[in-house]
Amino acid sequence: MATPPASSSSSVISHHQNPKSIFVYGSLLADEVVRVLLNRVPQNSPAILDNFERFSIKGCVYPAILPVENTKVTGRVLLDLTDSELDILDTFEDYEYERSIVDVSLMDTLKIMQTYTYVWVNKYDPNLYGEWNFEEWQQLHKSDFLKMTCGFMEELEGPESKQDLVPPLLHFTPIFKERYGEMATSASSPSVISSNHRQNLHNVFVYGSLLADDVVRALLNRVPQNSPAILDNFKRFSIKGRVYPAILPVENTKVTGRVLLDITDSEIEILDIFEDEEYERSSVDVSLIDTSNKVRSYTYVWVYKNDPNLYGEWNFEEWEQLHKNDFLKMTSGFVEELGGPGSKPRVATYESFYQNAKD
């Protein structure tokens, strides 16, 4: 954790500014983000905030905290901030957070310190879930978040008035611009990205044909960011009469695959239609292979638990060699018909395609 020389820190604080501190627990744990916002990394100390809990937020890559008894949040305290630096942070945190005074325990000295922190405004937000993980954020989102932060600061330091600033979230391009559509170019008030307008983002663990980028691109018109992962206590089977696999819960087994990250509601609907009635979308915990972190995710589980047509282990490399080209043609035909007057369910499309191929 970088600490600048005392001289550089103290020189920023003029006599008429009252130095303050703030407990941070999300993206501001990254020195690079702090440096972009404040043009320095203030002296800081690791700390614990008791009786608060940190949550992930559907549709966002940053976390929220809310008061919850007998829980705690680890983070750090940025020390000796000026009034102008707090103004920057207030603008950056925007209307979604409220700056509050809390007591934190400094981990180095065990002393209690009163400081500011940013608390999520919507106490009953249904989009809060799980525990936000800094290491996972660094790996998957930090680079794009830094670009967003740089864009925000360029506008903040420009000639526009403060009320005309685009909210920080809508600087998160190209990813967020794609997800929020016209809002990304017309935002001028906090109401623009209320929870009613925000698309929920989801993770989906895939293990069969969706391991192929070509198939994912045909369905979603993009290949989302993804990470290799393992699903424990499930087994992958081949299916008689099908070229794609099934998974079912089986103790002491595991399925390797990947997690497609930040899937929008509309993309989930496409995947639901594609998987059709043979699969049920379920919530599972998967382990990211790169970091060993656990991630909550959807996956598609075979509906027929006692299906006599399940056998052996499905092999992706064999599928790529023998079946991918035809499966891609089938998928492209399915997408072309999707939503049209003569569109068929995916299973019917599959059976029709492969019957014609045999004929």
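Before going into details, it helps to say that this report is about the structure given with it. Please read all numbers here as calculations on a predicted model, not as lab measurements.

## Focus: the overall build of the chain
- When helices and strands are counted, the chain shows 12 helices and 12 strands.
- For the chain, the proportion of its 359 residues judged to be buried stands at 51%.
- Taking the intrachain contacts of the chain between residues at least 6 apart in sequence as the baseline, contacts between residues at least 24 apart amount to 72%.
- For the chain, the exposed area adds up to about 17700 Å²; of that, 48% sits on carbon and sulfur atoms.

## Let's talk about the pattern of salt bridges
- Inspection of every chain in the model, using the stated rule, returns 15 salt bridges.
- Its salt-bridge partner being Asp213, residue Arg258 comes within 2.8 Å of it at the nearest N-O pair. Taken as a pair, Arg258 in strand S9 (residues 246-264) and Asp213 in helix H8 (residues 213-220) lie far apart in primary sequence, 45 residues in all.
- Here Arg258 falls in the buried class, since its relative accessible area comes to 9%.
- A network of salt bridges, in which partner residues are shared, links Asp214, Arg217 and Lys324.

## Overview of the environment of Thr115
- Relative to the elements of secondary structure, Thr115 occurs in strand S5 (residues 112-120).
- Judged by relative accessible area, which is 3%, Thr115 ranks as buried.
- Placed 14 residues apart in sequence, Thr115 and Ile101 show a C-alpha to C-alpha distance of 5.6 Å.
- A distance of 3.2 Å separates a polar side-chain atom of Thr115 from the backbone nitrogen of Ile22.

## Observations concerning the side chain of Thr299
- For Thr299, the position within the fold is in strand S11 (residues 294-302).
- Of the polar contacts made by the side chain of Thr299, one reaches the backbone oxygen of Phe205; its length is 2.8 Å.
- Excluding residues within four positions of it along the chain, Thr299 makes contact with Phe205, Tyr207, Leu231, Ile247, Glu280, Arg281, Ser282 and Val284.

## Here's the deal with the nonpolar core
- Counting 49 residues, the largest nonpolar core has Ile22 and Leu37 as the members making the most contacts within it.
- Here the element with the most residues in this core is strand S3 (residues 64-81); it accounts for 8 residues.
- Apart from residues no more than four positions distant in its own chain, Leu37 is found in contact with Leu28, Ile88, Leu89, Phe92, Thr149, Phe152 and Met153.

## Examining the side chain of Ser105
- Within the fold, Ser105 resides in strand S4 (residues 97-106).
- Judged by relative accessible area, which is 18%, Ser105 ranks as buried.
- Dropping the residues within four chain positions of it, Ser105 is found in contact with Pro46, Ala47, Ile48, Asp50, Lys111 and Ile112.

## Some details on helix H3 (residues 83-93)
- Here H3 has its buried residues at Glu85, Leu86, Ile88, Leu89, Thr91, Phe92 and Glu93.
- One or two residues past the end of H3 sits Asp94, with phi positive at roughly 65 degrees.

## Points about helix H9 (residues 265-275)
- Listed in full, the buried residues belonging to H9 are Glu267, Ile268, Leu271, Phe274 and Glu275. The buried residues of H9 occupy one face: seen down the axis, they fall within an arc of 120 degrees.
- One or two positions beyond H9, positive phi appears at Asp276, with a value near 65 degrees.

## Focus: the pairing of strand S7 (residues 201-206)
- Along S7, 6 of the 6 residues are buried, which leaves the element largely enclosed by surrounding structure.
- The alternating pattern of S7 places Leu201, Asn203 and Phe205 on one face and His202, Val204 and Val206 on the opposite face, and all of these are buried.
- Sheet analysis places S7 next to S9, joined by 5 bridges and oriented antiparallel. Directly across from His202, in S9, lies its bridge partner Ile263.
- Alignment of S7 against S11, held across 2 bridges, turns out to be parallel. Each bridged residue has a counterpart across the sheet, and for Val204 the counterpart in S11 is Tyr298.

## Regarding the packing of H3 against helix H5 (residues 142-156)
- Look at H3 against H5: their axes get within 12 Å of each other, and the N-to-C directions meet at 120 degrees. As judged from the angle between their axes, H3 and H5 are oblique. The hand of the H3/H5 crossing is right-handed. Where H3 abuts H5, its residues Ile88, Thr91 and Phe92 lie against Phe145, Met148, Thr149, Phe152, Met153 and Leu156.
- Of the residues assigned to the contact of H3 with H5, the class counts are 7 nonpolar, 2 polar and no charged.

## A look at the environment of Leu201
- Mapped onto the elements of the fold, Leu201 is located in strand S7.
- We classify Leu201 as buried; its relative accessible area is 8%.
- Spatially, the C-alpha atoms of Leu201 and Thr264 are 4.8 Å apart, while their sequence positions differ by 63 residues.

What counts, and where the lines are drawn
Residues numbered from 1 in each chain as written. Predicted model: local features only at pLDDT ≥ 70, side-chain atom pairs only at ≥ 80, totals over all residues. Heavy atoms only, no water. Helix = DSSP H or I, 4+ residues; strand = E, 2+ residues; numbered from the N terminus. Buried < 20%, exposed > 50% of the residue type's maximum accessible area, 1.4 Å probe, protein only. Contact = heavy atoms within 4.5 Å. Areas by Shrake-Rupley, 256 points an atom, 1.4 Å probe, with all protein chains shown as cover. Salt bridge = Lys/Arg side-chain N within 4 Å of Asp/Glu carboxyl O. Polar contact = N/O pair within 3.5 Å; in protein donor to acceptor, adjacent residues only side chain to side chain. Core = buried A, V, L, I, M, F, W, Y, C linked by side-chain atoms within 4.5 Å. Arc of directions from axis to C-beta. Pairing = 2+ DSSP bridges. Axes fitted to C-alpha atoms, helices over the stretch in contact; angles between N-to-C directions. Parallel < 35°, antiparallel > 145°, perpendicular 65-115°, else oblique. Left-handed = near helix turned anticlockwise from the far one by under 90°. Nonpolar A, V, L, I, M, F, W, Y, C, P; charged D, E, K, R; others polar.

From the geometry alone we can't say anything about function, so treat these as descriptive.
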